[in-house]
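Chain residues, written in single-letter form:
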Amino acid sequence: RFTAGPEFHIFDISNPINPAEIGNGICNGYELGSTVERIAIEEQKISASKYVFAYLATDQDSRELRVLDATNPSSINEVPTASQDLPGIQDGESLYISGSKLYFGRRSTPPGPDLYVFDITDPLAGLPTMGSADIGTSVLGIKIVGPLAFLATTRAGKQIQVWNVVDPSNMYVLEEFNSGYIVGNGFDYSNDFIYTTLQSSPNLKILYDNTP
């Protein structure tokens, strides 16, 4: 959360009993000046060099998607060519990395896209937009499974949506499900089951396809 100091921190957990923050000892962490809603860490090789990038969905109007070079935890730097200022003032809410694609969801932007796909092959050179789609609601969670995107949204009666994302330039909805309540911050997929927390009781629900 936004605070009067660094919001992004890296910890060494090689000894789980005694986690230790990594930094220069004077000012550990990196000050973003914004709240991070979701985070994904990716090790990538660019021109024979290995990098560690942190992809952040934030509430900053001018940089809803921010990318940090965390290769050296003691010297974290933002990658300005990769950070994205999307149309409107809606916050970033969710992201998911699959291969060289980053799927990014934000608060509902009427009218306009709520789901974006970026090419993260080389963040140092920028993140080209591969496609976008108007979901018509906020995208709170994203899980990619093969050609499918499972989305957690705030849309009444259609809180869980399944989209075909084979072609990022032509994404379309396949199914929509009613989870009963708005999905909370917990949303995951594993072995044909969706696990989600909800903002009203029952707070935990497990969904699966029971068709023959």
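Residues numbered from 1 in each chain as written. Predicted model: local features only at pLDDT ≥ 70, side-chain atom pairs only at ≥ 80, totals over all residues. Heavy atoms only, no water.

## Concerning the confidence of the model for the chain
Piece 1. Per-residue pLDDT for the chain averages 86, and the proportion of residues at 70 or more is 88%.
Piece 2. Across the chain, element-level confidence peaks in strand S9 (residues 115-119) with a mean pLDDT of 96 and bottoms out in strand S17 (residues 204-208) with 63. (pLDDT = per-residue confidence, 0-100. Helix = DSSP H or I, 4+ residues; strand = E, 2+ residues; numbered from the N terminus.)

## Things to note about the nonpolar core
Piece 1. In terms of nonpolar packing, the biggest core is built from 18 residues, with Tyr55, Leu95, Leu102, Phe104, Phe118 and Leu127 touching the most fellow members.
Piece 2. Counting residues per element, the ones that place at least two in this core are strand S3 (36-46), strand S4 (49-58), strand S5 (65-69), strand S7 (92-98), strand S8 (101-106) and S9.
Piece 3. What leucine 102 contacts, discounting residues up to four positions off in sequence, is Tyr55, Leu65, Leu95, Tyr96, Ile97, Tyr116, Val117, Phe118 and Ile120.
Piece 4. Core analysis: the next-biggest nonpolar cluster, separate from the first, contains 13 residues, Val139, Ile144, Trp163 and Met171 among them. (Core = buried A, V, L, I, M, F, W, Y, C linked by side-chain atoms within 4.5 Å. Buried < 20%, exposed > 50% of the residue type's maximum accessible area, 1.4 Å probe, protein only. Contact = heavy atoms within 4.5 Å.)

## Here's the deal with unusual backbone geometry
Trans peptide bonds make up the majority, and among non-glycine residues the majority have a negative phi.
Piece 1. A positive phi angle, near 50°, is found at serine 47, a position not held by glycine.
Piece 2. Within the secondary structure layout, serine 47 lies in the loop between S3 and S4.
Piece 3. A residue is classified by how much of its surface remains accessible, and serine 47, at 71% relative accessible area, is exposed.
Piece 4. At alanine 48, a position not held by glycine, the phi torsion is positive, near 70°.
Piece 5. Here alanine 48 shows up in the loop between S3 and S4.
Piece 6. Residue classification places alanine 48 among the exposed residues on the basis of a relative accessible area of 71%.

## A look at the pairing of S9
Piece 1. Within S9, 4 of the 5 residues are buried, which leaves the element mostly enclosed by the surrounding structure.
Piece 2. Strand direction decides the pairing type here: S9 and strand S10 (residues 129-133), joined by 4 bridges, are antiparallel. Bridge pairing in S10 places phenylalanine 118 opposite threonine 129. (Pairing = 2+ DSSP bridges.)

## Section: the pattern of salt bridges
Piece 1. Tallied over the entire structure, the rule returns 6 salt bridges.
Piece 2. Put simply, arginine 63 and glutamate 78 hold a salt bridge, and the shortest N to O gap is 3.1 Å. A residue pair is termed long-range when its members are at least 10 positions apart, and arginine 63 in the loop between S4 and S5 and glutamate 78 in strand S6 (residues 77-78) qualify at 15 residues.
Piece 3. According to the relative accessible area criterion, glutamate 78 is buried, its value standing at 17%.
Piece 4. Of the charged contacts, one joins arginine 106 and glutamate 64 as a salt bridge, the two residues approaching to 3.5 Å between their closest N and O atoms. (Salt bridge = Lys/Arg side-chain N within 4 Å of Asp/Glu carboxyl O.)

## Let's talk about the packing of aromatic side chains
Piece 1. All told, the structure shown has 3 aromatic pairs when counted by the stated rule.
Piece 2. Between tyrosine 51 and phenylalanine 53, the aromatic rings sit 5.5 Å apart at their centres with planes inclined by 10°, giving stacked as the arrangement.
Piece 3. With 6.4 Å between their ring centres and 55° between their planes, phenylalanine 53 and tyrosine 55 make a pair best called tilted.
Piece 4. Looking at phenylalanine 53, the relative accessible area reads 0%, which means it is buried.
Piece 5. Of the aromatic side chains, those joined through ring pairs into one cluster are Tyr51, Phe53 and Tyr55. (Phe/Tyr/Trp six-rings, centres within 6.5 Å; stacked < 30°, edge-to-face > 60°.)

## A few points about the side chain of arginine 66
Piece 1. Structurally, the position occupied by arginine 66 is in strand S5.
Piece 2. Within the structure, the side chain of arginine 66 is placed 2.8 Å from the backbone oxygen of leucine 32, a separation counted as a polar contact.
Piece 3. Separated by 3.2 Å, the side chains of arginine 66 and serine 34 make a polar contact.
Piece 4. Leave out the neighbours within four places in its chain, and arginine 66 touches Leu32, Ser34, Ala54, Tyr55, Leu56, Thr58, Gln60, Glu78 and Ser83. (Polar contact = N/O pair within 3.5 Å; in protein donor to acceptor, adjacent residues only side chain to side chain.)

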